[in-house]
Amino acid sequence: MQNSVYQFDGGKVIIRLRGRICETPDELLSSELFLLVLKRALRDLARRDSKLLRIFPDQAYSEDNIDLLIKTFQYLVKLPAEMAMRVLPESTPLFKDPLLFNDFVEFLYNYWRNQQRFIVCEQEGESLDKRPYRTFTDTVERLTHLVRGIYRDIQENITGTHPRIYRQVRSGAEVATIALPKMVPFPENGYTQLQPISVIRQVLIYPPLIYAPPMNKRTGMFERVQYNPLDRMNLDKEDYVCYPAKVGPLVIMVYFHAHFFELGFSMCNLFELADDADLKRQPDAVYIYGAPDSAFENMEKSPTIFFDDQENDMLVGAVPSKDAFGYFGYLKKMILTLHNIRMMKLGRLPYHGAMFNIDIRGKRPHTVLVMGDTGAGKSEMIDALQSIAGDDLKDLTIIADDMGSLDIDPQGQIVGYGTETGAFVRLDDLQPGYAFGQIDRTIIMNASQVNARVILPVTTFDHIIRGYPVDYVLYANNYDEIGPQKPIIERFQNEKRALDVFRKGAVMSKGTTTTQGLVETYFANIFGPPQYQNLY
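The residue count restarts for each chain, going from 1 along the sequence in the order it is written. In view of the model being predicted, local features appear only for residues whose pLDDT reaches at least 70, and side-chain atom pairs are presented and counted only at 80 or more, with totals across whole chains, interfaces and linings using the full set of residues. Heavy atoms from the whole structure form the basis of all side-chain values; hydrogens and water molecules are not counted.

Participant: Describe the overall build of the chain, listing the residues and the values that go with them.
Facilitator: Per the secondary structure count, the chain includes 12 helices and 25 strands. Throughout, the radius of gyration refers to the C-alpha atoms, and the reference size of a globule is 2.2 Å times the residue count to the power 0.38. The C-alpha atoms of the chain give 27 Å as radius of gyration, which agrees with the globular expectation for 536 residues (24 Å, within 12%). Every one of the 536 residues in the chain was classed for burial, and the buried ones make up 55%. For this analysis, residues touch if any pair of their heavy atoms sits within 4.5 Å. Here the contacts in the chain between residues at least 6 apart in sequence split such that 75% fall between residues at least 24 apart. Residue exposure ignores everything except the shown protein chains as possible cover, and the areas themselves are Shrake-Rupley values with a 1.4 Å probe. Summed over its atoms, the accessible surface of the chain is roughly 24400 Å², and 49% of this surface lies on carbon and sulfur atoms. The way it works is that DSSP assigns letters per residue, a run of H or I at least four long becomes a helix, a run of E at least two long becomes a strand, and they are numbered from the N terminus. Three exposure classes are used, based on accessible area relative to the maximum for each residue type with a 1.4 Å probe and protein chains only: buried under 20%, partly exposed in between, and exposed over 50%.

Shown next as structure tokens:
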């Protein structure tokens, strides 16, 4: 891993790979990354005054002891303990208690695996993104096999026994990406500092991924400001990568900070990744997720902001790099806010809701739009329909899980479009066992907390941009009790009554944001329409 850069951020390890990856045990054990991980693990043991430090004669690690430990590991990969001690006599004290030494190796292995591990391949000039898929995955898989092989060989040579049960756990990277500098046709005025930041061209993840970001709720709304936040930033290319998200027909360049890597890379389960053809035109918006404090006039009042750069026909969003904003909702909802504003400018009507095409046996297919605010149960309704319809359901195609837009086609029909290929849904609101049935491709967040969420793919990009004629529009009412006066489905008697309900946008809060009780929001959508009511 020569010429590579390593970043440690909380429980994250980020490897910015600018050379070839380690291919042999000696290369890995003598690498700078292994030394850094070993030192951090030893500091953790010292902080807890762990008995595992008794492998050292004085129960204290030093530079000499660390050097000796690495040399011992290099021999133990190839030789049993008895021979390793003969070749390296000074290592004999480490083997005084083989069980303790073996426990130390187990701790070190688990310490590494408990980190969130990211590889960002940035080898300029080698056209990594042009390599066949197998070459990229083989490179990442090689690290997994190498780490796991070293661990097993060392333990077997310490104990002199061979396990009869092997667990093929992930021991390399959890997320790997090819991210290369790319000239994006931004406006010349104010956007040049974005050009050096690497743009993601390919992503490899090993689900299920289980993350515990610092926050599990979103608060407030995104405020429009009268200045370009980029003018107040000086972004370091080592701290960011860019995910070029295809949000419906739009391309939004999302630059996320290393502090939020687990959230940023989770976008691959929600938004399609833009290809080279998409990046040949000017993007529709830019979003800096994890911006420096200098970008904000008032950190207390409005730290989640966007700017409408009308001169350059560009939208710019920014959210600070602070734990208080370490929730996937801040990432997703700002992207959708920028989408909604752009759609209004293009003459489409954005909606906050779920849209699906349902084909029931003996009936023609129908497209249904269910509008409602956050927590109303839009995504969960789709899951419930699939469960209760049983064999009568021929097909159910998801067009939009949370946000989309409406347009009128040349024939005068209202057609609906989506934005996301995935869903970000409450774990508690899914049918029992559903998320676990999809766990092999799921990203789970804050699993043990209120508002635990999963991100999983639910549709394809072709379906969200196709344009489906809309047959029914429903409003998700989760605040009125069902009874004789309130049937499960109630038809609006006139246009005024319908507009009153949709305009109020009422919802009973379910803990997905910091709001409580019955809340009303303009057209159940704080993500663009309230800031542009005249245009909406």
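After that view, the rundown keeps rolling.
Participant: I'd like a description of helix H3 (residues 63-76), backed by residues and values.
Facilitator: Between its first and last C-alpha atoms H3 spans 20 Å; for 14 residues at 1.5 Å apiece the expected length is 20 Å, and the two agree. Looking only at H3, the buried set comprises Asn65, Ile66, Leu68, Leu69, Ile70, Thr72, Phe73, Gln74 and Leu76. Multiplying 1.5 Å by the helix residue count minus one yields the expected span of that helix.

Participant: Outline the pattern of salt bridges, listing residues and values.
Facilitator: A carboxyl oxygen of Asp or Glu within 4 Å of a side-chain nitrogen of Lys or Arg is what we treat as a salt bridge. Counted according to the given criterion, the structure contains 30 salt bridges. A salt bridge links Lys78 to Asp26; the nearest nitrogen and oxygen atoms lie 3.1 Å apart. Within this pair, whereas Lys78 is found in the loop between H3 and helix H4 (81-87), its partner Asp26 is found in helix H1 (residues 25-29), the two being separated by 52 residues in sequence. Taking relative accessible area as the criterion, Lys78 reaches 54% and is therefore assigned exposed. The salt bridge partner of Asp471 is Arg364, with a shortest N-O separation of 3.2 Å. Pair noted here: Asp471 is in the loop between strand E22 (468-469) and strand E23 (472-475) and Arg364 is in the loop between strand E14 (349-360) and strand E15 (366-371), with a separation of 107 residues, a long-range link.

Participant: Give a description of the packing of aromatic side chains that names residues and reports values.
Facilitator: Only rings of Phe, Tyr and Trp enter the pairing, Trp through its six-membered ring, and a pair is recorded when the two centres are within 6.5 Å. The plane angle decides the type: under 30 degrees is stacked, over 60 is edge-to-face, the rest tilted. In total, this model carries 21 aromatic pairs according to the counting rule given. Between Phe73 and Phe101, the ring centres sit 6.2 Å apart and the planes meet at 10°, which makes this aromatic pair stacked. Of the two residues, Phe73 is situated in helix H3 and Phe101 in helix H5 (residues 98-113); the sequence distance between them amounts to 28 residues. Pairing Phe186 with Tyr191 gives two aromatic rings, centres 6.1 Å apart and planes at 15°, and the pair type is stacked. In this structure an aromatic cluster arises from ring pairing among Phe34, Phe73, Phe95 and Phe101. Cation placement over rings: the criterion is NZ of Lys or CZ of Arg within 6 Å of the ring centroid and within 35° of the ring normal. Of note, Arg348 hangs over the ring of Tyr417, and the distance from its end group to the ring centre comes to 3.9 Å. Taking the ring centre of Phe424 as reference, the NZ or CZ of Arg453 above it sits at 4.7 Å.

It is worth stressing that arrangement in space is one thing and function is another; only the former is reported here.
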